[in-house]
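Here are the chains, one letter per residue:
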Amino acid sequence: MNATAIPRPAAAILVIEDEPSVSAFVTAALQRRGYAVVEASSGAAGIDKLRSGAFAGVISDIRMPGDINGADVHAWISKNRPDLAARIILISGDTANSETQSLLASSPTPCLEKPFRVQQLISTVEKTFGKP
Amino acid sequence: MREPKRISARHTAASGRKAPARPSQNYSQELMELAVDAANSRVLPEFLRRFAQRAAEMLQGEWAAVAEIVGNRIELHAGAAESPLSLSKREWLLETLTQKRPGLEILELPGGSRLVALYPIHAGDGELMGTLCLLRKKTAFSPAEEKLLSALASHAALSMEKVRRFSQLERSKKQWVEDIDAISDYIAVHDQAWRIVRTNRSLATQLGIPPAALVGEPISSLRHIAETRSALPCPFCRDTREAREEYVATGAGRTFLVSTSRTRGATEEESRTIHVLKDITDRREAERRYRELFDSIQEGLFFATPEGQFLDVNDALVRMLGYDSAEDLLRADVSAHLYPTPAAKERLANAIAKHGALRNYEETLRRKDGGLLHTQQNISAVRDPLGNVVQIRGLMLDVTEQKMFQSQLQRERDFNQKILNTTQSMILVLDTAGLISYANRRCYEAGYREHELIGHRLVDWVESSHQNDFEAALQTTAHGQQVDNLELRARRADASLGHFSISLSPMRDEANQVNNVVVVMTDITDAALLQAKLAHSEKMATIGRLVSGVAHEVNNPLAAILGFTDLLLENPDVPITAREDLQIILQETQRTKEIVQDLLSFARQRPTQKEPVNVNSVLRQTLKLRSYDFSSHGVEVIEEFDERLGPTLGDAQQLQQVFLNILNNAYDAIQESGNHGRIRIRTRRAEDDVEVAFIDNGTGVVDPERIFDPFFTTKQAGKGTGLGLSICYGIVRAHGGEILCWNNEGEVGSTFVVRLPAATETALAAAAKEAGR
């Protein structure tokens, strides 16, 4: 089943994650719960998609290679898509990182620490974006 | 001796006998003639014989004589050559003459045939000069004859006195000539007409002619003896108006001191000029040598008044004091300039007055140009008979160079001493046998005592396991090679062991032989500790970065594994057997997740919470968690809490985790040792830190250096991940504190110390603000 192949009844969730296996797990988990998902494999690609489309919410990894990381995506949304500012879920693989800590400390944005269970993901998504 | 038979004493005129009549004027005439004879006589014995002859004739005597007293003997001057007296009577007479008599005495000659008249002859001053004696046939002396005898005696006295005086004069004149002749100096006397009046014998001998031969010769004939370049006819006269002259003249290789006296006579002819030429050639030579020595000697010599005015100085002194010439130095009283202070001059004067002579007297003098001259002087005072100092003489050495050298040496010595004494290193000098011969002040400041060091072997202070290293280094140095930064443990003065860095340098004698070893010891215990701490924290930081990276990398696949496992388990199509396997995958994944999370806790750099924490309270809560276990296993917990500890800022949960970990560790160590367990927990304020110490009596720690490294565990497999203390380390570091571990010294067990920064007022205020936001 391909998420981009079928028309979406509602706005999709944008998953920005450079790690394909993680992205695949998150996408699979969300789709089984009935969510539409759009994947982006980098911060830049995610912002590109945010410019053109409407999304129910954004799930973004914090640490990603390239010029734009999760914090940048978060900042871009706060500035350019205030409608989505409260609809962001961050994923972190490294909460010991001080940048991550300061980002999390400065906003009420929820964060999922890797590795997380499916149940943790779904309950955070439902709480933040609502049910599909 | 027979007593002469006395006929009459005193004046025989009293006998009243009649004397033969003789006209008295005849006596007068004859007496007059005698007086004339006496005046003309120069030779006394002849005169006295004539006198005796006349007296015998005048008084009809058979024989007459004058007995002259010459010294202690009697000399008879008889008128007739033939004496009528037998030898025995002559002896009797001489015997009788020795007796004193005040006036005329008439005796009977032994045998009774003749009379002897004896009349004493006295000089004007009463001295007995002799006796007039007259022999006559037994005819009594008339008073007139007695008077005549008296007159004759007086005449004899006058004559004798006159002749005696004359001969005395002759004698003394002769003596004077002899005296003059005995003088070795040349004496020449000339008159106004420049004619020699006299010379003494030594001058005549020098000229090779008798003295008399020179008399009447012109004084200019003596010109060759010495020359004064006088324009006068006399070579020795310079200024005839002077009564006295004295100068030095030379001639024929000799030097003379010419002393001239001029006597003014009653007439021009009688004026005399007396020259005495003293040969002072030898003296001049001695003087010349002395002067040469005086002037050529390198030491300064001086003669000065007691007030310090120089009277004579040598060239060396002139040079020393920087004057142009001796005259320059002697011209004015330089003492005011010479002495830098009046007190210095006074000090010298007092010292001379007190001691008379000064040896190696040191004085700083001022040269003419104002420069300072350091001198050493030997001074002696010349005193008059009353003991007053009339002159000072001295020898002066210029010791400026020595002084400068000395003071430079002193400065260098002081400098070296200062370096030795102010350096923070201990510096010791050992002989080649390793015995300490010198220790600088730092050694004593460090608490070592002199009697513990000097004469003892330094190696005895070195910890036994390092003694071989030290001995080897000492040998190397004794062979001339330097040994640098040898690090070893040695005993401190308080018996504690310290970590020392030691450098050994060879010290060589004149023959280039190593005879001493200089040891520089620096206690680097603190530095070593600091370095170890630094190295440790660096290591931990590196591990932290590694762990953080690994955790992050592991978390991604772990997230996928855990996620997909969850999805599979949700899938009703998965058979039950596979579901069981999936449960195991899930469990192991969870376990991996925990390990990774522990690693991240270790690597975490900041506490998640920052709020005021009372460490004592956290400790009590932690102890509550373990109190059951501890009491049931007989582990005693001693709480020594300082209630004035003050708060620290941090995460109470995390700190509890730290304390719990340390307590668990201690508990395990106690269990392992089988000791009666005891854990002492002490809190205190250590400067700006809140300090918690956990002191247990367990097995101790195998490697305290590595105890906080991740996965470093001595526990049996499965009993722990080996991350517990690493997490503690991470948490404490994240709180800005430090955690330390060491084995108890001299006791069993180990000590863990956690130090956390005490919260300052401003930090507390900032935290309160943060919390209230």
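It should be noted that the structure appears before, not after, this text.
Thresholds, definitions, all that
- Residues numbered from 1 in each chain as written.
- Chains lettered and ligands numbered in written order.
- Predicted model: local features only at pLDDT ≥ 70, side-chain atom pairs only at ≥ 80, totals over all residues.
- Heavy atoms only, no water.
- Helix = DSSP H or I, 4+ residues; strand = E, 2+ residues; numbered from the N terminus.
- Buried < 20%, exposed > 50% of the residue type's maximum accessible area, 1.4 Å probe, protein only.
- Contact = heavy atoms within 4.5 Å.
- Arc of directions from axis to C-beta.
- Polar contact = N/O pair within 3.5 Å; in protein donor to acceptor, adjacent residues only side chain to side chain.
- Buried area = accessible area lost by both parts, 1.4 Å probe.
- Nonpolar A, V, L, I, M, F, W, Y, C, P; charged D, E, K, R; others polar.
- Axes fitted to C-alpha atoms, helices over the stretch in contact; angles between N-to-C directions.
- Parallel < 35°, antiparallel > 145°, perpendicular 65-115°, else oblique.
- Left-handed = near helix turned anticlockwise from the far one by under 90°.
- Core = buried A, V, L, I, M, F, W, Y, C linked by side-chain atoms within 4.5 Å.
- Pairing = 2+ DSSP bridges.
- Expected span 1.5 Å × (residues − 1).
- Phe/Tyr/Trp six-rings, centres within 6.5 Å; stacked < 30°, edge-to-face > 60°.
- Lys NZ or Arg CZ within 6 Å of the ring centre and 35° of its normal.

Enquirer: So what about the overall build of chain B? Which residues, and what values?
Expert: Of the regular secondary structure elements, chain B holds 21 helices and 28 strands. By residue count, 41% of the 773 residues in chain B fall in the buried class. The contacts in chain B between residues at least 6 apart in sequence include a share of 51% that link residues at least 24 apart.

Enquirer: Explain helix 3 (residues 70-80) of chain A to me, using residue names and the numbers behind them.
Expert: All names here are of chain A. Buried within helix 3 are the following residues: Gly70, Val73, His74, Trp76 and Ile77. In a view along the axis of helix 3, the buried residues occupy a sector of 165°, so they form one face of it. Two to three positions downstream of the cap, the backbone nitrogen of alanine 71 sits 3.0 Å from a side-chain oxygen, assigning the N-cap of helix 3 to asparagine 69.

Enquirer: Summarise the interface of chain B and chain A; cite the residues concerned and give the values.
Expert: Chain B puts 23 residues into the contact, and the matching count from chain A is 23 residues. Here chain B packs against chain A, burying approximately 2100 Å² in sum over the two surfaces, 52% of which is carbon and sulfur. Along the contact surface separating chain B from chain A lie six residue pairs in polar contact (both at pLDDT 80 or more). In terms of residue count, helix 16 (residues 525-570) of chain B provides more of the side of chain B that touches chain A than any other element does, 14 residues in total. Tallied by class, the residues present in the side of chain B that touches chain A amount to ten nonpolar, eight polar and five charged.

Enquirer: Outline the packing of helix 2 (residues 43-52) of chain A against helix 3 of chain A, supporting the account with residue identities and numerical values.
Expert: Angle between the axes and distance between the axes: these two values describe a pair of packed helices. Residue and element names in this part refer to chain A. Relative orientation of the contacting elements helix 2 and helix 3 amounts to 20°, with a least axis distance of 10 Å. The angle between helix 2 and helix 3 falls in the class roughly parallel. Every pair of crossing elements has a handedness; the one defined by helix 2 and helix 3 is right-handed. Here helix 2 contributes Gly43, Ile47, Leu50 and Arg51 to the contact with helix 3, which in turn contributes Val73, Trp76 and Ile77. Per-class residue counts for the contact of helix 2 with helix 3 are five nonpolar, one polar and one charged.

Enquirer: Quick one: what's the story with the nonpolar core, residue by residue and with numbers?
Expert: Residues and elements named next belong to chain B. The biggest cluster of nonpolar side chains holds 44 residues, and the ones touching the most others in it are Phe659, Ile681, Phe694, Phe708 and Phe752. At eight residues, helix 19 (residues 652-673) tops the list of elements feeding residues into this core. Residues within four places of phenylalanine 708 in sequence aside, it is in contact with His536, Met540, Phe602, Leu725, Ser726, Tyr729, Ile739, Leu740, Cys741 and Phe752. Membership of the second largest hydrophobic core comes to 34 residues, among which are Leu34, Leu104, Ala117 and Ala123.

Enquirer: Would you mind going over the pairing of strand 2 (residues 37-40) of chain A in detail, with residue names and values included?
Expert: Side chains on a regular strand alternate between the two faces of the sheet. Where strand 1 (residues 12-16) of chain A meets strand 2 of chain A, four bridges bridge the pair, whose relative direction is parallel. Bridging across to strand 2 of chain A, A:Ile13 finds its partner in A:Val37.

Enquirer: Help me get a handle on the sheet that holds strand 10 (residues 254-263) of chain B, residues and values and all.
Expert: Residue and element names in this part refer to chain B. Strand order in the open sheet made by the five strands is 8-7-11-10-9, with antiparallel pairing throughout. Strands with a single pairing partner mark the edges of an open sheet, and in this sheet they are strand 8 (196-199) and strand 9 (244-251). In this sheet, neighbouring strand axes are inclined to one another by 20° on average, regardless of whether the strands run parallel or antiparallel. The sheet contact formed by strand 10 and strand 11 (residues 272-279) spans eight bridges and is antiparallel. When the bridges of strand 11 are listed, threonine 260 appears paired with histidine 275. The strands touched by helix 4 (residues 143-182) are strand 7 (186-191) and strand 8; relative to strand 8, the strand with the most contacts, the crossing angle is about 75°. Across the sheet, helix 7 (residues 281-296) touches strand 9, strand 10 and strand 11, and the angle it forms with strand 10 is around 120°.

Enquirer: Outline helix 1 (residues 20-32) of chain A, supporting the account with residue identities and numerical values.
Expert: One turn of an α-helix holds 3.6 residues; hence residues three or four places apart share an orientation. For helix 1 of chain A, with 13 residues, the first-to-last C-alpha span of 18 Å sits near the 18 Å given by 1.5 Å per residue. Against the buried residues of helix 1 of chain A lie strand 1, strand 2, strand 3 (55-61) and helix 5 (118-129) of chain A together with helix 16 of chain B. Two residues or fewer past helix 1 of chain A, A:Gly34 is found with a positive phi of approximately 95°.

Enquirer: Any details on the pairing of strand 12 (residues 300-304) of chain B? Residues and values, ideally.
Expert: Residue and element names in this part refer to chain B. Across the five residues of strand 12, five count as buried, placing the element largely inside the fold. Residues Gly300, Phe302 and Ala304 line one face of strand 12 and the alternating positions Leu301 and Phe303 line the opposite face, and both faces are buried. Direction of pairing for strand 12 relative to strand 16 (residues 389-398): antiparallel, over a ladder of five bridges. Considered in strand 16, the bridge of alanine 304 is made with isoleucine 392.

Enquirer: Could you give me a rundown of the sheet that holds strand 25 (residues 678-686) of chain B, with the residues and numbers involved?
Expert: Residues and elements named next belong to chain B. Spatially, the five strands line up as an open sheet ordered 23-25-26-28-27, and their pairing is mixed. Either end of the sheet is taken by a strand with one partner, and the two such strands are strand 23 (636-640) and strand 27 (738-743). Between one strand and the next, the sheet's axes are offset by a mean angle of 15°, whatever the strand orientation. Sheet topology places strand 26 (residues 689-696) next to strand 28 (residues 750-757); seven bridges connect them, and they run antiparallel.

Enquirer: Can you lay out the side chain of B:Thr281 for me, pointing to particular residues and giving the numbers?
Expert: Residues and elements named next belong to chain B. Take threonine 281: it is sitting in helix 7. Of the polar contacts made by the side chain of threonine 281, one reaches the backbone nitrogen of threonine 255; its length is 2.8 Å. Ignoring sequence-local partners within four residues, the contact set of threonine 281 consists of Gly253, Arg254 and Thr255.

Enquirer: So, the packing of aromatic side chains: which residues are in play, and what are the values?
Expert: Enumeration over the complete set of coordinates arrives at twelve aromatic pairs over all chains. Between B:Phe47 and B:Phe51, the aromatic rings sit 6.0 Å apart at their centres with planes inclined by 40°, giving tilted as the arrangement. In this pair, B:Phe47 and B:Phe51 both sit in helix 2 (residues 44-58), four residues apart, roughly one turn of the helix. Summarising the burial analysis for this pair, B:Phe47 and B:Phe51 share the class buried. Aromatic side chains B:Tyr448 and B:Trp461 sit 4.8 Å apart centroid to centroid with 90° between the ring planes, which places their arrangement in the edge-to-face category. Of this pair, B:Tyr448 sits in the loop between helix 13 (441-445) and helix 14 (450-453) while B:Trp461 sits in the loop between helix 14 and helix 15 (464-478), placing them 13 residues apart in sequence. B:Trp461 sits in the buried class, given a relative accessible area of 11%. Through pairs of rings, three or more aromatic residues link up here, namely A:Phe25, A:Phe116 and B:Phe564. When the ring centre of B:Tyr247 is taken as reference, the NZ or CZ atom of B:Arg238 above it lies at 3.7 Å. Cation over ring: B:Arg626 sits above B:Tyr667, and NZ or CZ is 5.0 Å from the ring centre.

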